[in-house]
Amino acid sequence: MYVVIAGIGKVGRTLVEQLILDGHEVVAIDPDEGVLEHLSAAYDVMTVCGSGASRNALNEAGISKSSLMISSTGTDEMNILGCMIARRLGARHTVARVRNTEYFNQLEFMRDNLGLSMTINPELIAAREIFGTLRFPAAQKIEYFSRGKVQLVEFKLEHSQLDGIKLSEFYRKYQLKILVGTVLRDDHLTIPNGDFVLHNGDTITVAGSPSEVERFFRAIGALRSGVRSAMLIGGSRISYYLARMLCNSGVELTIVDKDHDRCMQLSEMLPGATVIEGNGADHELLAEEGISRTDAFVSLTGIDEENIILSLYAKTQGVNKVITKVNNTDLRTITGGLGLDSIVSPHDLTANHILRYARSLQNALGSNNVETLYKLSGGRAEAVEFRVKENIPGLTGIPLRDLTIKRGILVASITHNEEVIVPLGDDMIRPGDRVIIISDDRRISDITDILA
Amino acid sequence: MNIKMILRTLGHILLTESLLLVLPVLVSILYGEHDALMFLISAALCGAVGAFLSWVPGRHADSSIHAREGFVIVALAWICVSLFGAVPFILTGSIPGFFDAFFETVSGFTTTGATILTDVEVLSHGVMFWRSFTHWVGGMGVLVFMLTVVPMTGGGAVYIIRAEMPGPAPGKLVPRLKDTAKILYFLYLILTLLEVVLLCAGGMPVFDSLVHSFGTAGTGGFGIWNNSIAHYESSYIHWVICIFMLLFGVNFNLYYFLMLRHFRDVWKNDELRVYVLIVVAAVALITMNILDQYDAFSTALRDASFQVASIITTTGYVTANYDLWPEFSKTILVTLMFIGGCAGSTGGGIKVSRFILMKRVVCRGIKRMIHPRSVGVVKMDGKTAGDGVVEGAGVYLMVYCAIATGTVLLLSLDGFSFTVNFSAMASCFNNVGPGLDMVGAVGNYSAYSAFSKFVLSIVMLAGRLEIFPMLILLTTLIPRFNGGKRYGKNRSNRSSEEI
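As the structure is a prediction and not an experimental result, all values here were calculated from the model.

Attention now moves to the overall build of chain B. When helices and strands are counted, chain B shows 22 helices and two strands. Whereas a compact globule of 499 residues would reach a radius of gyration of roughly 23 Å, chain B reaches 22 Å, a difference of no more than 12%. Along the longest, intermediate and shortest principal axes, the C-alpha atoms of chain B span 75 × 75 × 55 Å. Across the 499 residues that make up chain B, the buried fraction comes to 57%. In the form shown here, chain B has an accessible surface area of approximately 20,400 Å², with 68% of it arising from carbon and sulfur atoms.

Before going further, it helps to spend a moment on the overall build of chain A. Looking only at helices and strands, chain A features 14 helices and 22 strands. In terms of C-alpha radius of gyration, chain A reaches 23 Å, essentially the compact-globule figure of 22 Å for 452 residues. Across its three principal directions, the C-alpha atoms of chain A cover 60 × 55 × 40 Å. Counting only residues that meet the buried cut, chain A has 56% of its 452 residues in that class. Across chain A, every contact between residues at least 6 apart in sequence was considered, and the portion connecting residues at least 24 apart equals 60%. Counting only carbon and sulfur atoms, one obtains 46% of the accessible surface of chain A, whose full area is about 19,100 Å².

It is worth spelling out the nonpolar core at this point. Counting residues in each nonpolar core, the largest one holds 159 residues, and the members touching the most others are Leu143, Ile241, Phe252, Leu336 and Tyr445 of chain B. Among the elements that line this core, the one with the most residues is helix H4 (residues 67–91) of chain B, at 11 residues. Structurally, this core is a two-domain feature, drawing no fewer than three residues from each of domain 1 (1–94 + 119–162) and domain 2 (352–498) of chain B. For Leu336 of chain B, the contacting residues outside a window of four places in its chain are Ile278, Ala282, Val308, Ile311 and Ile312 of chain B. Counting residues in each nonpolar core, the second largest holds 77 residues, with Val98, Ile130, Leu349 and Leu355 of chain A among its members.

On to the interface of chain B and chain A. Between chain B and chain A, the contact holds 17 residues from the first and 17 residues from the second. Summed over both sides, the interface of chain B with chain A buries roughly 1,200 Å², with 42% coming from carbon and sulfur. Seen at the junction of chain B and chain A, the total is zero salt bridges. Scanning the region where chain B abuts chain A turns up one residue pair in polar contact (both at pLDDT 80 or more).

What follows covers the environment of Val127 of chain B. Residues and elements named next belong to chain B. Mapping Val127 onto the fold places it in helix H6 (residues 125–140). Separated by 281 residues in the primary sequence, Val127 and Val408 place their C-alpha atoms 31 Å from one another. Every residue in contact with Val127, bar those within four places of it in the chain, is listed here: Asp35, Phe39, Phe89, Thr92 and Ser94.

All right, on to the packing of aromatic side chains then. Residues and elements named next belong to chain B. According to the stated counting rule, one finds 35 aromatic pairs over all chains in the structure shown. Geometrically, the ring pair formed by Phe52 and Trp55 is tilted, given 6.2 Å between the ring centres and 40 degrees between the ring planes. Here Phe52 pairs with Trp55, and both are found in helix H3 (residues 35–55), just three residues apart, close to one helical turn. Between Phe133 and Phe214, the ring centres sit 5.3 Å apart and the planes meet at 65 degrees, which makes this aromatic pair edge-to-face. On the criterion of sequence distance, the pair formed by Phe133 in helix H6 and Phe214 in helix H10 (residues 206–217) is long-range, its members being 81 residues apart. As far as burial versus exposure is concerned, Phe133 and Phe214 are alike and both buried.

Moving on to the pattern of salt bridges. Pairing of side chains with opposite charge becomes possible as their charged atoms draw close. Residue and element names in this part refer to chain A. With the rule as written, the count across this model stands at 16 salt bridges over all chains. Where Arg215 meets Glu212, a salt bridge forms, and the shortest distance between an N and an O atom there is 3.0 Å. Of this pair, Arg215 and Glu212 both sit in helix H8 (residues 210–219), three residues apart, which is roughly one turn of the helix. With a relative accessible area of 44%, Arg215 lands in the partly exposed category. Note that Glu385 and Arg434 form a salt bridge whose closest N and O atoms lie 3.8 Å from each other.

What follows concerns the domain arrangement of chain A. Residue and element names in this part refer to chain A. The domains assigned to chain A are domain 1 (2–120), domain 2 (125–219), domain 3 (229–319) and domain 4 (356–450). In this complex, domain 2 contributes 22 residues to the contact, which on the side of domain 4 involves 24 residues. Summing both partners gives a buried area of about 2,000 Å² for domain 2 against domain 4, and 68% of it is carried by carbon and sulfur. On the domain 2 side of the interface with domain 4, the three residues burying the most area are Phe145, Leu179 and Ile191, jointly 27% of the side's total. Across the domain 2-domain 4 interface, the total number found is one salt bridge. The shortest N-O distance in the salt bridge between Glu418 and Lys149 comes to 3.1 Å.

What counts and how
- Residues numbered from 1 in each chain as written.
- Chains lettered and ligands numbered in written order.
- Predicted model: local features only at pLDDT ≥ 70, side-chain atom pairs only at ≥ 80, totals over all residues.
- Heavy atoms only, no water.
- Helix = DSSP H or I, 4+ residues; strand = E, 2+ residues; numbered from the N terminus.
- Rg over C-alpha atoms; globule rule 2.2 N^0.38 Å.
- Buried < 20%, exposed > 50% of the residue type's maximum accessible area, 1.4 Å probe, protein only.
- Areas by Shrake-Rupley, 256 points an atom, 1.4 Å probe, with all protein chains shown as cover.
- Contact = heavy atoms within 4.5 Å.
- Core = buried A, V, L, I, M, F, W, Y, C linked by side-chain atoms within 4.5 Å.
- Domains from an automatic or database assignment.
- Buried area = accessible area lost by both parts, 1.4 Å probe.
- Salt bridge = Lys/Arg side-chain N within 4 Å of Asp/Glu carboxyl O.
- Polar contact = N/O pair within 3.5 Å; in protein donor to acceptor, adjacent residues only side chain to side chain.
- Phe/Tyr/Trp six-rings, centres within 6.5 Å; stacked < 30°, edge-to-face > 60°.

Structure below.
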């Protein structure tokens, strides 16, 4: 694939490195000549000095023959503008890093109307990652579809009450809007139907909206170690996103930040949380706010070193789950020896996220309606998200039970008008829907491929 | 420093060269000459050393190289290639002396075209072919050629290509280095073949047109007749070679843009405009100046054009003994030697683009004297040239002057006139070929001592590689220049982490 990357910061550099390793042709655009010099010294990449939103620079980078344009400069508007121009100049897919909270609620709108294939928000991704770790310590892997509306959780059944239960029975018993997508037993993958019987030791994938998935975990008693109270140090954007998620799931929350204005803002936006104005490094303050009683401690200040020290302190206070934000790669190797197990790096997560998208594009080259693609169960199955743009005769508007779908393929979820449906026989795919398909090992590059 | 990687790359280079040495074997067989065996021995020797060097570092050697390794590889590669390229000359007995053979090969690979042979017509076809073929390979670059064949991953390769491709800021055409190298060689090959066809159409024998096209393409200048192109009396042949010399003096990126139909980029290219302007002006001045020596205006124009094209592109073919021309014309020609072709072409010299940059820097400087607080950026092709590029060009010119002066000084030991020494230096350093007087259009370099020939060989290499690789090789060998790190002393502990 021919990939153009605008903005060579930490994320940009990681992307260049990985995409070249994946065998793509990469062109980097950045206004700083020194950065480009440094980059081209290390990787076999073409560089163009200029703005990522300038038509000349994009043309020089050969945007018209590019399959993917990634804009990860520091400014949201630059990224959006760059992607819009790139799209008009012939880029097939565009990814923009958009992190401003003001745009958060209109991402979907912007994506559909401004010709962006994907927007990526590093802080939101980091918050989701942390949230996932806090909610389902048992989960091996959590993937998100449709901007977080659909969750795919992979976990192992151990001493579970689901042992020996038939799937159809299970759905009837719990009345949950979730779906078991894949079952991995003794290295053999099955896409189960209603007659399938679960056993202890199976690794299963469950799809559904986050709240439903959580209810499911609660129902089967796998949520026992989930946190009930959390303390966040630093009122950054990650804090805000994370706090919103935690508040919505009823976690008792304390946020500590130094800045008065930021504290006011946070308390306005997050009525459910306790916002404390003070220094997170003040141990008396932390003791006063009950650091020893809290289930989880998340340090999210802008300074990596401070985060590490705060987390170490929290460990000594007996906090069960300690999560540390560390962006600097060098520092992360050092923290390995400190006993800090949960380290979150927004830059890495962002780069991984974009890479996954690039890989999914590569996988589905030739079709351009694959939204997201995840490998499940160690690559034995794929979960692909499609956006159904128009009416497809023989597929849309027909109840699923009347369609003949290939064996080994499961329609795991349909997102219709922002509402997540776990499809039953009566449900149908309509134009404008996002559909998640789980398939065993076979390549689905177009939604019509599911039909037998 | 990653010595293993340097050895391996050198090994690959020599293997590539041994493959190239097979071509003259075929030519010799075709003409039924005994030199075929000698070329075969040379190829085998070169291949064996190459294979040994590639084998030494082991399979799992760290392949990361940095700027210093890149420069050192380029410098060493050119020296090695020249050493092994000289073997056939010695073995076949065409040039028995080592320094003579080395001079001739360096002159070939650096596309200089300066010769120490008093009579080239006695050479066998195989030797003549190899002599000119070195021009063709050296023109676009030995390492660039290797890159099209041997895959080189990792970013370090960019230093190699940058050190070998002429010009202040060579860039890539497409994201992958290997693809860029392929595109350049493809364009190079097409233009060369076109010239071969056109020359054949003009009645030149196939062997002659091949050899002369190699010389033109690399802007080298080795001929197969003692009086160079003047041997052919056809005006058509003169004009074809003249035009192709000028074409090979143009930045090859522009041909790629033409291929992509980006005509605006070609039209807006500052360097091309100035290059054309210089050529037209020089031709006009010389034609007027030499008119009274000629019977017809057309022959004067033809010879003036040919000589201007030949000198500015640093080819060095000759159709007229310009030593007999008035001083004014000769001075223009010597000036053209220094200007050279465009960046990214096969030509040598200081390059038109550096002159444009320097002219703009000078203008900015003068403006600043009048308006001390004025701010100005130096632009090139409508884009701002970074401080690095501007500074690089300035440093290059300074080092260039220093080496030029030093060379003339060393040459003067032989006792020839200043004109001869200066023009020999200008001609070799800029990879032109012929100079004035004794080393002029009908002369050669055989009268110089072995020492002077060696100095000129090094100067030719420095000129072709744009000085820095040779300079950096020198500073690497002498630890004192290593930024105070005393590199040599710490080698034992450094090697553990770097090799």
